[in-house]
Amino acid sequence: MTSFLRLATLATVLAMGGVAQAQSPAPAAPPPSAEAAQPLVDLYSAEDAQATLDARLVALKTVIRLTPEQEKLWPPVEEAIRQAAKSAAGRAADRAEAEPAQDFLDVLERLAGAEAARAADLNAVIAALKPLVATLSVEQKRRIPAFLDMTDHAGRPQPTLELWIFEAEQE
């Protein structure tokens with residue numbers, strides 16, 4: 001019986017080997033086309049970032065529910081936010097093209113420069129917001145931090161990088 005099992009196993013292996021040899025080799029894959037080289041999910045483009053910023057600004061105005069008088073104070077706010085987002089995108093592009101840091105001091109200097117630039121942009125947004133915020137009701141003011149996703153981390157200040165205005169710099 002054992003020799004019969006061995007013989008049956010050997011016959012099966014030989015038969016499978018013959019079937020495998022009888023099959024033609026798989027045709028070579030055609031070279032990838034430009035379309036096939038595209039990732040399955042496209043990367044976030046500058047146009048995508050612009051569309052998202054446009055939508056967020058419209059949504060912010062909607063959340064605040066500006067009165068006609070307050071609406072007159074909106075254009076400088078929108079311009080300051082757009083400029084801050086543009087600057088953040090520029091810094092991100094510069095960082096992507098920069099030479100690698102040579103040591104931790106390079107990293108710290110770059111971090112300090114980016115924080116100073118974000119602070120300047122944020123101060124410009126604040127300056128543009130002050131006249132508008134002075135006219136807002138308590139209810140309108142209450143809606144802004146939640147919409148901007150400003151969270152209170154046990155009393156610590158909100159890191160600027162977490163504000164969607166600076167999202168282009170997030171990694």
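Above this text sits the structure in question.
Residues numbered from 1 in each chain as written. Predicted model: local features only at pLDDT ≥ 70, side-chain atom pairs only at ≥ 80, totals over all residues. Heavy atoms only, no water.

Draft legend 1. Representation of the overall build of the protein. When helices and strands are tallied, the protein shows six helices and zero strands. Residues counted as buried form 19% of the 171 residues belonging to the protein. Surface summary for the protein: the accessible area is close to 12,600 Å², and the carbon and sulfur share equals 64%. (Helix = DSSP H or I, 4+ residues; strand = E, 2+ residues; numbered from the N terminus. Buried < 20%, exposed > 50% of the residue type's maximum accessible area, 1.4 Å probe, protein only. Areas by Shrake-Rupley, 256 points an atom, 1.4 Å probe, with all protein chains shown as cover.)

Draft legend 2. Representation of a nonpolar patch on the surface in the model. A surface patch of nonpolar side chains, amounting to about 420 Å² of accessible area, comprises F104, L105, L108 and L111. Topologically, L105 is positioned in helix α5 (residues 104–133). (Patch = residues over 30% accessible without salt bridge, like charges linked within 9 Å, V, L, I, M, F, W, Y side chains within 5 Å. Salt bridge = Lys/Arg side-chain N within 4 Å of Asp/Glu carboxyl O.)

Draft legend 3. View of the pattern of salt bridges. Evaluation of the coordinates by the stated rule reveals six salt bridges. For D54, the salt bridge identified is with R82, shortest N-O distance 2.7 Å. With D54 in helix α2 (residues 46–64) and R82 in helix α4 (residues 74–97), the pair connects residues that are 28 residues apart, well separated along the chain. A relative accessible area of 30% means that D54 is categorised as partly exposed. On the basis of relative accessibility, which here comes to 23%, the residue R82 falls in the partly exposed class. Overlapping salt bridges bring together D54, E78 and R82 as one network.

Draft legend 4. Representation of unusual backbone geometry within the structure. At R65, a residue that is not glycine, the phi angle is positive and equals roughly 60°. Residue classification places R65 among the exposed residues on the basis of a relative accessible area of 61%.

Draft legend 5. Focus on the environment of I165. Locating I165 in the fold gives a position in the segment after α6 (138–147). Assessed through its relative accessible area of 8%, I165 is described here as buried. In sequence terms I165 and S87 are 78 residues apart; their C-alpha atoms lie 9.8 Å from each other. Apart from the residues within four sequence positions on either side, I165 is in contact with I81, A84, A85 and A88. (Contact = heavy atoms within 4.5 Å.)

Draft legend 6. Focus on the packing of α2 against α6. In the contact formed by α2 and α6, the axes pass within 8 Å of each other and the chain directions differ by 150°. Classified by the interaxial angle, the pair formed by α2 and α6 is roughly antiparallel. Helix-helix and strand crossings are classified by hand; for α2 and α6 the assignment is right-handed. On α6, the residues touching R56, A59, L60, V63 and I64 of α2 are Q140, R143, I144 and F147. Its residues assigned to classes, the contact of α2 with α6 shows six nonpolar, one polar and two charged. (Axes fitted to C-alpha atoms, helices over the stretch in contact; angles between N-to-C directions. Parallel < 35°, antiparallel > 145°, perpendicular 65-115°, else oblique. Left-handed = near helix turned anticlockwise from the far one by under 90°. Nonpolar A, V, L, I, M, F, W, Y, C, P; charged D, E, K, R; others polar.)

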